[in-house]
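What the coordinates show
The primary structure of each chain is shown beneath.
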Amino acid sequence: MERKNAWKGYDEAKSAKVDALAKDYMDFLDNGKTERECVDTIVNQIEAAGYRELPELMKEGKKLSAGDKVYAVWMNKAVVMFRIGTKPMTEGLNILGAHIDSPRLDIKQNPLYEDSDFALLDTHYYGGIKKYQWVTLPLALHGVVAKKDGSIVEINIGENEDDPVFFISDLLIHLSAEQMEKKASKVIEGEALDLIFGSRPLAGEEKEAVKAGVMKLLAEQYGIEEEDFLSAELEVVPAGKAREAGLDRSMVLGYGQDDRVCAFTSLAAMLEIGQTERTACCILVDKEEIGSVGATGMQSRFFENTVAEVLNLVGEYSELNVRRCLAASDMLSSDVSAAFDPSYASAFEKKNAAFFGRGMVFNKFTGARGKSGSNDANAEYVAHIRAIMEESGVAFQTAELGKIDVGGGTIAYILALYGMNVIDCGVAVLSMHAPWEATSKADIYETKCGYVAFLEKACL
Ligand code: MN
Ligand code: MN
């Protein structure tokens, strides 16, 4: 049951489409290195495509009907969009879901200190990372500082060519005999991930002059003082743009592809489809990497509440109809899969692994140690999805997720609680959760096509 490499079926015109989509994808990655930046990027695109914000429509008391496009944002970190179908919503939605948070280093609330004539920022890492991968790289600082007066200062330092970057040091090899004997999980400890932030003392300052120097710059350039770190969300991410990879430019190397590769392709599918029978829906959420918790994670009532509001605007609202709508829905819960890596073949079971270039990945189940924590998709639903993909000429493969994320799996099990059909799927990624992750352009393209086919045809 080996699956074919999708590239083998491409002519020149198709290859050009694959490259064009990958180019848009790389722009998406560059513009959205945090969940907030992702939401901004997405809202700009969908507003240009005629989507309107739900609270506005509620205020106007606008009645929604087939073809209308509506979206809602939650705390600037999660977004859900709907394109109303011709069938009543109580017959179910076709839902695409993915997450837009990625592993990174968060700046602590009291982060700034001076030691040995360096100013440093203390971090707490977010999501599952191999800590040793985050040292000696150019790093950028992205995020917001919320001030007491209610204003928000946006920070983005390290992406422009003439911006400074930041870094975390590592011990030189010459003095590392002891360090090199340690387990990989201990080589760099979490508390050693402190960002080197400056080293130029402020003239005339006696005590902690380097710290005073960086604080002066923050005050001058951003109008923030040290206490403002208390109400900041600052994320340290690899500095620089996503790049084409391979001499044949067949791949994308970039930060945050887990899971923005699925978010981007889901969004692209929503923007591509025309009028569908069922209402098309796409939810892009935060906090998956730490267990889908909190107001902006998939476990939040945000999605359910938004469905209720949209049902209200189409004139179908009742408590029972909300339940009927959700229970009758079909969902593709998208997250990245571990791509087979020939350098680490023993970590995979080759018959049930995902390979670069072999298309969209479906995972009937995820979980570890006896499928624990898994969403195990119903066989009938898998058959329905298979049939749609084959009919639409989408290259796909099936795999075990091989998922090692902190937080116990994807968002699939959460939506499955409504009783709807959910299957895990997505794009295969090499070096998942590393500062620079790799994907195949062919897989990105096929996955986008798979989402379009699903939105247009799924109905079980
Ligand atoms: Mn993920
Ligand atoms: Mn992940």
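To keep things clear, this report deals only with the structure shown in the data block. What you see is a predicted model; the values in this text were computed from it and never measured. Along each chain, the written sequence defines residue order, and numbers are assigned to residues from 1. Naming scheme: in the order in which they are written, chains are lettered from A and ligands are numbered from 1. Owing to the predicted nature of the model, reporting of local features is limited to residues with pLDDT of at least 70; listing and counting of side-chain atom pairs is limited to 80 or more, with chain, interface and lining totals taken over all residues. Note that the side-chain values use all heavy atoms of the structure and ignore hydrogens as well as water.

1. Focus on the pairing of strand β8 (residues 152-157)
In β8, alternate side chains face the same way, and those of V153, I155 and I157 are buried while those of I152, E154 and N156 on the opposite face are not. When strand β7 (residues 139-146) meets β8, the two strands line up antiparallel, connected through 6 bridges. Residue pairing in the sheet places V145 in a bridge with V153 of β8. Two strands are said to pair when DSSP picks up at least two bridges between them. Helical segments are the DSSP runs of H or I of at least four residues, strand segments are the runs of E of at least two, and each set is numbered from the N terminus. Counting the residues that bridge the hairpin from β7 to β8 gives 5 residues, and of these G150 lies at a positive phi of roughly 95 degrees. Buried, partly exposed and exposed residues are distinguished by accessible area as a fraction of the type maximum, computed with a 1.4 Å probe on protein chains only: under 20%, between the cut-offs, and over 50%, respectively.

2. Quick word on unusual backbone geometry
The residue after D258, namely D259, is reached through a cis peptide bond having omega 10 degrees. When you line up the elements, D259 lands in helix α7 (residues 257-272). Phi is positive for D117, close to 70 degrees, though the residue is something other than glycine. Assignment of secondary structure puts D117 in the loop between β5 (104-115) and β6 (118-126). The exposure class of D117 is exposed, given its relative accessible area of 54%. A positive phi angle, close to 70 degrees, is found at H433, a residue other than glycine. The topology assignment puts H433 in the loop between β19 (428-429) and β20 (437-440). Given the relative accessible area of 8%, H433 is considered buried.

3. Considering the packing of aromatic side chains
By convention, a stacked pair of Phe, Tyr or Trp rings (six-membered ring in the case of Trp) has centres within 6.5 Å and planes under 30 degrees apart, an edge-to-face pair has planes over 60 apart, and any other such pair is tilted. If you walk through the whole model with that rule in mind, you get 9 aromatic pairs. On the numbers, 5.5 Å between centres and 55 degrees between planes, the contact of F28 with F264 is tilted. Taken together, the positions of F28 in helix α1 (residues 12-31) and F264 in helix α7 put the pair 236 residues apart, joining distant regions of the chain. Put simply, the rings of W7, Y10 and Y445 pair up and form one aromatic cluster. Note on geometry: a ring has a charge over it if NZ (lysine) or CZ (arginine) is within 6 Å of the ring centre and within 35 degrees of the ring normal. Directly above the aromatic system of F396 lies the positively charged group of R3, at a separation of 4.4 Å from the ring centroid. In this arrangement the basic side chain of R358 is found over the ring face of F355, its NZ or CZ atom lying 4.1 Å from the centre.

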